[in-house]
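# Chains, contacts and geometry: an overview
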Amino acid sequence: MTSIQTLLPTYASINLTALAHNLSCIKRYLAPDCQVMAIVKANAYGHGVVETAQALARQGIERFAVASLDEGIALRQAGLSTSIVVLGALFEEQISDLVAHRLTPVVSDAHILPVLIKATQSHPAPYPIHLKVETGMGRLGFSPAELPPLFDERLLGGPLQVEGLMTHLADADGKDSSVTERQLETFGAVLNQIRQRGITLPFVHTANSAAIVRFPHAHFSLVRPGIMLYGYHTLPDTVPAPDLRPVLSLRTTVVQRRTIPQGGTVSYNGTFVATRPTRIAVLPIGYADGYSRRLSQRGLVLIQGRRVPIVGLVCMDMIMVDVTDLAPVRIGEPVTLIGQQGEESIWADEVAAWIGTIPYEILCGIGSRVPRLYESD
Ligand SMILES: Cc1ncc(COP(=O)(O)O)c(C=O)c1O
């Protein structure tokens, strides 16, 4: 028996057709001159940063954003020549690497500006930077009062070009839109003060996925979708759901079967006790692969197109499921943890709901030892 199941028992398949579909869906919310900066941080939300970015570049995306210097360098080293913005805070010691790889920093604090100026002094063209203003997320950024006067100082001249002004919305997927409206108002006031100084900002951006759908006036000239690219949203029920397709499926394979008697236990600490003679299938995926231990006794997987429960504690490398109610299960039989099998499906938002988290965490958490396979419809 040689098949994908036996050569690669556990893998994530990434559907690049679904990714392209989601990008088109996002674009339908935008004015024709509004650009997309694809958020591919955290290994493209678990989808594999290089292949995802390359697939999006083939779809015409020219701007990407990552969280850290390392993520940006990985993309450059893979040959991506587009704009790559590093969203996270940078230390002085990281600036020479940043500039060597032509990565665009988001500056959230003035202390880094002299270091950037020094590092880019001999750069042939003005070096692009984005400035971040903090308007309610309570995270990175200049305070609204601090930012406009910076333009009166020499700090922003010289080799640096302020290519973008941004903020991050804290509650764009919340039920009440007033928090977002207040943030946008604060941001708008800062933007006006900067424009009144005669400064042109090529890119003004505030909108994550939820704001793309809900707040058209937050789009400005660039939007920053993450989760919608990957096929999910966390919008309230009152908002018409966007037409998205989940991109990632997580699959594994039965590696052993056993029957345990009534009273028999499964996994560490015997938390599952069989109430009937029970057929168990062992699956080679565990919390080291990102399948959370909180799914113990709670999660479901698909075998033979039917939902079966995880029994006992999720181990580091294995889980066990109860297949008593299925037709006899073979070794090598395919199992879907996230995705579609037959008529049934389990997607990352459902897995997230089982353990009180969000699909972001489920997707980002898929471990580095899980191979990603790329396919198109
Ligand atoms: C600054 C910034 N912009 C955009 C995004 C994308 O958000 P979402 O995945 O909700 O679209 C993120 C993700 O957390 C972010 O940190």
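Each remark here, short or long, concerns the structure printed above.
Just so you know, these numbers come straight off a predicted model, no measurement behind them.

Procedures and definitions
Residues numbered from 1 in each chain as written. Predicted model: local features only at pLDDT ≥ 70, side-chain atom pairs only at ≥ 80, totals over all residues. Heavy atoms only, no water. Pairing = 2+ DSSP bridges. Helix = DSSP H or I, 4+ residues; strand = E, 2+ residues; numbered from the N terminus. Contact = heavy atoms within 4.5 Å. Axes fitted to C-alpha atoms, helices over the stretch in contact; angles between N-to-C directions. Core = buried A, V, L, I, M, F, W, Y, C linked by side-chain atoms within 4.5 Å. Buried < 20%, exposed > 50% of the residue type's maximum accessible area, 1.4 Å probe, protein only. Domains from an automatic or database assignment. Near = heavy atom within 4 Å. Polar contact = N/O pair within 3.5 Å; in protein donor to acceptor, adjacent residues only side chain to side chain. Areas by Shrake-Rupley, 256 points an atom, 1.4 Å probe, with all protein chains shown as cover. 1 Å grid on protein atoms, 1.4 Å probe; cavity = no way out; pocket = protein on both sides within 12 Å on 5 of 7 lines; lining within 4 Å. Sits in = over half its atoms within 2 Å of the grid points. Nonpolar A, V, L, I, M, F, W, Y, C, P; charged D, E, K, R; others polar. Salt bridge = Lys/Arg side-chain N within 4 Å of Asp/Glu carboxyl O.

Looking now at the sheet that holds strand 8 (residues 203-207). With respect to topology, eight strands assemble into a closed barrel ordered 2-3-4-5-6-7-8-9, the strand pairing being parallel. As paired elements, strand 3 (residues 63-66) and strand 4 (residues 83-86) share four bridges and run parallel to each other. Residue pairing in the sheet places Arg63 in a bridge with Ser83 of strand 4. Sheet strands touched by helix 5 (residues 69-77): strand 3 and strand 4. Its angle to strand 4, the strand with the most contacts, is close to 165°. Helix 7 (residues 113-120) contacts strand 5 (104-107), strand 6 (127-132) and strand 7 (160-166) of the sheet and is inclined by roughly 135° relative to strand 7.

Before going further, it helps to examine the nonpolar core. The biggest cluster of nonpolar side chains holds 117 residues, and the ones touching the most others in it are Val40, Leu98, Leu131, Leu250, Val301 and Ile303. Looking at this core, the element that brings in the most residues is helix 2 (residues 16-27), giving six residues. A domain split of this core shows at least three residues from each of domain 1 (31-223) and domain 2 (248-375). With residues up to four places along the chain from it excluded, the contact list for Leu98 reads Leu69, Val86, Leu90, Leu103, Pro105, Leu116 and Tyr127.

Time to look at the site of the ligand. Around the ligand, the structure places Ile39, Lys41, Tyr45, Arg139, His168, Asn208, Ser209, Arg224, Pro225, Gly226, Ile227 and Tyr360. Separating an oxygen atom of the ligand from a side-chain N or O atom of Tyr45 is a distance of 2.5 Å. Contact between the ligand and Arg139: an oxygen atom at 3.5 Å from a side-chain N or O atom of the residue. Within the complex, 92% of the 390 Å² of free accessible area of the ligand lies under protein. Taken atom by atom, the bulk of the ligand overlaps the largest pocket. For the shell around the ligand, the residue count by class is five nonpolar, four polar and three charged.

Attention shifts here to the pattern of salt bridges. Counted under the stated rule, the structure contains twelve salt bridges. With a shortest N-O distance of 3.5 Å, Arg294 and Glu361 are connected by a salt bridge. Residue Arg294 is found in the loop between strand 14 (278-283) and strand 15 (300-303), and its partner Glu361 is found in helix 12 (residues 359-364); the two are separated by 67 residues along the sequence. Linking Arg330 and Glu333 is a salt bridge whose minimum nitrogen-to-oxygen distance equals 3.9 Å. A relative accessible area of 43% means that Arg330 is categorised as partly exposed. Among the ionic contacts, a cluster of salt bridges with common partners joins Arg276, Asp322 and Asp325.

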